[in-house]
Every structure is written in structure tokens, then in C-alpha cells.
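Coordinate inspection notes
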Amino acid sequence: MSTPATMTGKQPSATAAIPQRTAMFRILPRTIRKRPALYSAICKSRLFYSRHIAGARAKREYRNNSSLFGMTDFESAQVQSLRTLGYTLAPRYFAPGVVDCIYSQADAMFRNLQIDMRWAYSVQHGQRDSLEGLSYEQLAATEKMVALRDPLLHIPELLDVAFHESILRIAANFLGCVPPLYRVTVVRDFPHNRPLHSSNFHKDNDESDSLQIFVYLVDIDDFCGPLIYIPWSNRHDVRSCRPRLSRDLGIDANDGGLSDEEVERVYPRNTWAALHTARGGLAAIHGNGIHKGPAWTQPGDPNNRPRTAIRLDLHGHKFGIVRNRKENRIWRSDFDRMSPLQRLFAHASIVEETTQLFPARARRAGA
Ligand SMILES: O=C(O)CCC(=O)C(=O)O
Ligand SMILES: [Fe+2]
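Please read all numbers here as calculations on a predicted model, not as lab measurements. (Residues numbered from 1 in each chain as written. Chains lettered and ligands numbered in written order. Predicted model: local features only at pLDDT ≥ 70, side-chain atom pairs only at ≥ 80, totals over all residues.)

1. Observations concerning the overall build of the chain
Within the chain one finds 14 helices and 11 strands. Of all 367 residues assigned to the chain, the portion counted as buried reaches 40%. (Helix = DSSP H or I, 4+ residues; strand = E, 2+ residues; numbered from the N terminus. Buried ≥ 20, exposed ≤ 12 C-beta atoms within 10 Å, placed from the backbone.)

2. Observations concerning the sheet that holds strand S8 (residues 291-292)
Pairing is antiparallel across the open sheet formed by three strands, whose spatial order is S6-S5-S8. Strands with a single pairing partner mark the edges of an open sheet, and in this sheet they are strand S6 (273-275) and S8. As paired strands, strand S5 (residues 227-229) and S8 are joined by two bridges and run antiparallel to one another. Among the inter-strand pairings, Tyr229 is bridged to a residue of S8, identified as His291. (Pairing = 2+ DSSP bridges.)

3. Quick look at helix H2 (residues 36-54)
An ideal rise of 1.5 Å per residue puts 27 Å on 19 residues; H2 measures up with 25 Å between its terminal C-alpha atoms. The set of residues buried in H2 consists of Tyr39, Cys43 and Ser50. Projection of H2 onto a plane perpendicular to its axis shows the buried side chains occupying an angular sector of 35°, all on one side. Away from its buried face by more than 90 degrees, H2 exposes Ala37, Ser45, Phe48, His52 and Ile53. (Expected span 1.5 Å × (residues − 1). Arc of directions from axis to C-beta.)

4. Let's talk about the environment of Ser210
Inspection of the secondary structure puts Ser210 in strand S4 (residues 210-216). Ser210 sits 31 residues away from Pro179 along the chain, and the two C-alpha atoms are 9.5 Å apart. In this structure, Ser210 is in contact with Asp204, Asn205, Gly287, Asn288 and His315, ignoring residues within four places of it in sequence. (Contact = placed C-beta atoms within 7 Å.)

5. With respect to unusual backbone geometry
Residue Pro294 is bonded to the preceding Gly293 through a cis peptide linkage, with omega at -10°. Checked against the element boundaries, Pro294 lands in the loop between S8 and strand S9 (307-315). Even without a glycine there, the phi angle at Arg325 is positive, about 60°. With respect to the secondary-structure elements, Arg325 resides in the loop between S9 and strand S10 (328-331). What makes Arg325 partly exposed here is the crowd of 16 C-beta atoms within 10 Å. Although it is not a glycine, His347 adopts a positive phi angle of roughly 45°. Along the polypeptide, His347 turns up in the loop between helix H13 (340-346) and strand S11 (348-351).

6. With respect to helix H10 (residues 165-175)
Across the 11 residues that make up H10, a large majority, nine, are buried. Within H10, burial applies to Ile167, Leu168, Arg169, Ile170, Ala171, Ala172, Asn173, Phe174 and Leu175. Buried residues belonging to H10 abut helix H3 (56-64), helix H4 (73-84), S4, strand S7 (282-286), S9 and H13. Following H10 by one or two positions, Gly176 has its phi on the positive side, about 70°.

7. Looking at the nonpolar core
In terms of nonpolar packing, the biggest core is built from 78 residues, with Ala162, Ala171, Leu217, Ala283, Ala284 and Ile310 touching the most fellow members. Among the elements that line this core, the one with the most residues is H10, at seven residues. Discounting chain neighbours no more than four positions away, the residues touching Ile310 are Leu158, Val161, Ala162, Val186, Val215 and Leu217. (Core = buried A, V, L, I, M, F, W, Y, C linked by C-beta atoms within 7 Å.)

8. Comments concerning the confidence of the model for the chain
Per-residue pLDDT for the chain has a mean of 91; in total, 90% of the residues score no lower than 70. For the stretch residues 2-18, pLDDT sits under 50, and the model shows four contacts to residues farther than four places along the chain or on other chains. (pLDDT = per-residue confidence, 0-100.)

9. Considerations on the sheet that holds strand S1 (residues 87-90)
Read across the sheet, six strands follow the order S1-S7-S4-S9-S3-S2 without closing on themselves; strand pairing throughout is antiparallel. A single partner strand is all that each edge strand has here, and the edge strands are S1 and strand S2 (145-147). Taking each pair of neighbouring strands and ignoring which way they run, the sheet shows an average axis angle of 25°. Strand direction decides the pairing type here: S4 and S7, joined by five bridges, are antiparallel. Each residue of the ladder has a partner; that of Val215, found in S7, is Leu282. Against the sheet, H4 makes contact with S1 and S7, and its axis sits at roughly 145° relative to S1, the strand it touches most. (Axes fitted to C-alpha atoms, helices over the stretch in contact; angles between N-to-C directions.)

10. A look at the environment of Ile102
Considering the arrangement of structural elements, one finds Ile102 in helix H5 (residues 96-111). It is 9.8 Å that separates the C-alpha atoms of Ile102 and Val186, two residues lying 84 residues apart in sequence. Residues within four places of Ile102 in sequence aside, it is in contact with Ile155, Glu157, Leu158, Val161 and Leu217.

11. Some points on the pairing of S9
Burial analysis of S9 places seven of its nine residues in the buried class, which makes it a mostly covered element. Here strand S3 (residues 181-189) pairs with S9 via nine bridges, running antiparallel. For Val187, the partnering residue across the bridge sits in S9 and is Ala309.

12. Some details on the environment of Asn234
Along the chain, the position of Asn234 falls in the loop between S5 and helix H11 (260-266). Among the residues examined, Asn234 registers 25 C-beta atoms within 10 Å and is labelled buried. Taking the C-alpha atoms as reference points, Asn234 and Ile290, 56 residues apart in sequence, are found 6.9 Å from one another. Sequence-distant contacts of Asn234, that is, excluding residues within four places in its chain, are made with Gly86, His286, Asn288 and Gly289.

Written as C-alpha cells, this is what we have:
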């Protein structure tokens, strides 16, 4: 779900015109959102700009490395499903052994609070400065989601899953480029009495392609928050531009997202896809379609459980956002053993084994 732009800290006196502009920036999108045909045309032209003009270099990088992207029939089927339905679900993508091994390390890290103290909706929305000082139980009671700090440095088995070549081929062929963002996180979502933030229907993006890939580390059933996707809602056609966010309607509900009823008016409930799978399954969604997750079937049910997943975020060029391609902190020795295809997506911030921060690891690496 899109997060509000970070405050720039400008002094009010230097920007006397801001109140008027702010009002305009609020009213203009709402006016456009009342006209689905106009909104659809605007989305399509912004996407065209993102894909073909801003993203020309990323497309060239894809074309110049075409020998790395040849797909198996299975991978082509996943891309086809993403193109048409907007999602794909591949059960048993990874063996339970490797998944359980990653899960047990991730679980210990979450409970030891080895988490990114700023990666939370409450921090992004300015309600908290940081998650520092909160216990695991307090986080579980108040946050929608938390993410591990530097998971690729701490969980050795994660690298080969997060940069699995089959996933990379699917992503590149779907997007038609080597995307400016490839971010690996391990996230835990907590159940609450009502859906929070992206557990309400929304689109991640209107202006560029966005792709989210989940490798589930726990079995996904109704108690563990499946992702719900509206098939064919990713095309920016007039129909998919009809449902309006609570925010667009000027209503302060559903954390600004779409209510189920608003979606149901355009897409009957029996057409919604609930993505259930045993652990080790992979779900990929075109974030430009309408979706929500985790969607615990009965919010507040005491049987509901947290959901833990490896999450990969990718997107095309977004207006005003420049990526430095250094999203993932990776050990030098891990980076050195990556294949050419993996390196295209590594977006690595390389950590030398000699670093003072991880003496145990440095000793193991013989540094
Ligand atoms: O975790 C999920 O199932 C979906 C999350 C999502 O849609 C988002 O963060 O934008
Ligand atoms: Fe989303």
C-alpha cells in the first residue's frame, strides 16, 4: 500500500503557497477519481512513460542479457498467469526442509527483536519515531507488520531462495526489464481485531509496474491470512478504475483503502481469488491490481496466527524516485558466488567479512 510522502521539513514561511497547493493536490485526484475513463487514460499514459521512456535503460539491460532469461514451460505459465489474471500461485516451490530451516532462524530473530526499527506503518505515518524499546508482545499487539534487520547477513539459506534463478526469470520476463528495485525482506504480519493498512483492498501503484512475490514460511490457511486478489483488476481498464479508495471518497475508514463492499459492487465476491498454499509455496502479484493481505477470514478470531514470509518487492521507474540499487546487504563472499543472473538483481550493499560488526561471521570466513 502506498505510504505518504516523507515530510521534507520545509519551513512554513518559505512556502506561503503550500496550503493552497495542498488543497489542490487533494481535490484534483479526487475529481479525477470520479471519472473512471479519465483515470484509466491517465494511468495508462503514466505507465507508458514509466515503461518506455523513464525505464528505457532497464529495458535495454533486459534485452542485452536475453541469454540469461530463457524460461522453462513452467516459468512461462507463471508469467502468462501474471499477465492475464494479475497473480500466480505456485505451491511447493521450495522444499519444506529449507523453508523450515529459514523459518526457525527468522522466528528467533523476530522474538529477539533483531528487526528493522523503522520498517513499520506506525513509523512511516509518524505515529512512532521508531520501534525501539517495544517488546515483542507490544509489537504484536499494535503493528500490522515488522521486518527483520539485514536478513541476508544472518540467515545463510535465504540467499539462494530470495535470488532463485527461476523467480528472477519470471520477474524479468513479466516486467520486461531489470527493475530498479529488487528488495528482499522477511516479514511477520500480526492478526488484529480489524484489517490494518494493506490488509484492506488497495492497489500498490498506478504509475509504474509493481510486482510483489511471497515465499510463505508457514502454511497459509484461513487462520494465517491469505492474500486476496481480484483477477483481471490489474489492467487499468475503466472497470478496474471504478472502485474508489475511502481516501478518494473523503471517508476516514479502511485505513484509506477500499471497503469490501466498494470492490464487490464492481467485482462480485465469488470472483475473488484467495491464495492459500502450504509453506514453501510462492505467490506473485501484479501490485497494480486490487488486492489485500493478509486477510484473516474472521478478524479477531483467537485461532488466528501471525504470518511469516519472505517478501520480494520489485517495481519499475517511479516518477521522482531514484534508486541506488543498494537495497540488500550481502556478504562479500555470498556476492562473489552469485551467478551473473543473480548479480543483475542483487542490488547489493556489500558487507566485507572483516567488518567489526560481525566478528563471528568474519572468523568463519577466515578473515
Ligand atoms: O502481505 C500481503 O498479503 C499483502 C501486502 C500488501 O499488499 C502490501 O504491503 O502492499
Ligand atoms: Fe499491496
